Amino acid sequence: MVNPKEQELLEELSPIVEGLGITIVDLSFAIAKGRRHLVLILYRSEGLGHKDLEQVHRTVQARMEMLDPHGHELSLEISTPGIDRNLKNDREYAIFIGKGIRILPVDDSEWIRGVLVAADEETITIEQESDTHRISRAMIRKAKLDSQQDRR
């Protein structure tokens, strides 16, 4: 569950970052000792390079300065999701449609691997070489990206 300040920042920064062709996967924000700390996890299907991250950093830094009239110091950390990120919410499932995924069901100790082809609030659909599995979201103990399952 996202706290209200993080949700507010997500709504403020998403259109700006999406204007650069990049999606915010996750955002966390904290204030400690008068210093603001913002962490952004970013994704673009064709990948992100150093220049992309620099551009997002400059753009977000400028917007955060505008949002803070008191001029508190900002620590801004930007990274990508990583190849085995835990998927945590509806937004992340939607972002990673078409990517390899592995699911650990609540009633099993074996991972189900495939490509995420659909997701909604109730179910996800994973395509494997020979068939397709619809899995109830309530039956998922853990879901992770799995680069080995990505379509080549």
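Here, every reference points to the structure presented above.
Because the structure is a prediction, the values reported are computed rather than measured.

A. View of the pattern of salt bridges. Enumeration over the complete set of coordinates arrives at 12 salt bridges. Residue aspartate 26 pairs with arginine 85 through a salt bridge whose shortest N-O separation is 3.0 Å. One end of the pair, aspartate 26, is in strand E1 (residues 23–32); the other, arginine 85, is in the loop between strand E3 (74–79) and helix H3 (90–95), and 59 residues separate them in sequence. We classify arginine 85 as buried; its relative accessible area is 11%. One network of salt bridges, in which partners are shared, links Asp26, Arg85, Lys88 and Glu92.

B. The sheet that holds strand E6 (residues 123–127), seen in detail. Strand order in the open sheet formed by five strands is E7-E6-E5-E4-E8, and the pairing between neighbours is antiparallel. The open sheet is flanked by strand E7 (132–136) and strand E8 (140–145), the only strands paired with a single partner. Looking at each pair of strands side by side, their axes are set apart by 40° on average, direction ignored. As paired strands, strand E4 (residues 100–105) and strand E5 (residues 112–119) are joined by four bridges and run antiparallel to one another. Residue pairing in the sheet places isoleucine 101 in a bridge with glycine 114 of E5.

C. Molecular detail of the environment of glutamate 18. With respect to the secondary-structure elements, glutamate 18 resides in helix H1 (residues 4–18). Judged by its relative accessible area of 45%, glutamate 18 falls in the partly exposed class. Sequence separation between glutamate 18 and arginine 44 is 26 residues, and the spatial gap between their C-alpha atoms is 9.7 Å.

D. Inspection of the sheet that holds strand E2 (residues 35–43) at higher detail. Read across the open sheet, the three strands follow the order E1-E2-E3; overall the sheet is mixed. At either margin of the open sheet sits one strand with a lone partner, and together these are E1 and E3. Taking the axes of each pair of neighbouring strands and ignoring which way they run, one obtains an average angle of 15° across the sheet. With nine bridges joining them, E1 and E2 adopt antiparallel strand pairing. Residue serine 28 lies in a different strand from E2, and its bridge partner there is valine 39.

Calculation rules
- Residues numbered from 1 in each chain as written.
- Predicted model: local features only at pLDDT ≥ 70, side-chain atom pairs only at ≥ 80, totals over all residues.
- Heavy atoms only, no water.
- Salt bridge = Lys/Arg side-chain N within 4 Å of Asp/Glu carboxyl O.
- Helix = DSSP H or I, 4+ residues; strand = E, 2+ residues; numbered from the N terminus.
- Buried < 20%, exposed > 50% of the residue type's maximum accessible area, 1.4 Å probe, protein only.
- Pairing = 2+ DSSP bridges.
- Axes fitted to C-alpha atoms, helices over the stretch in contact; angles between N-to-C directions.

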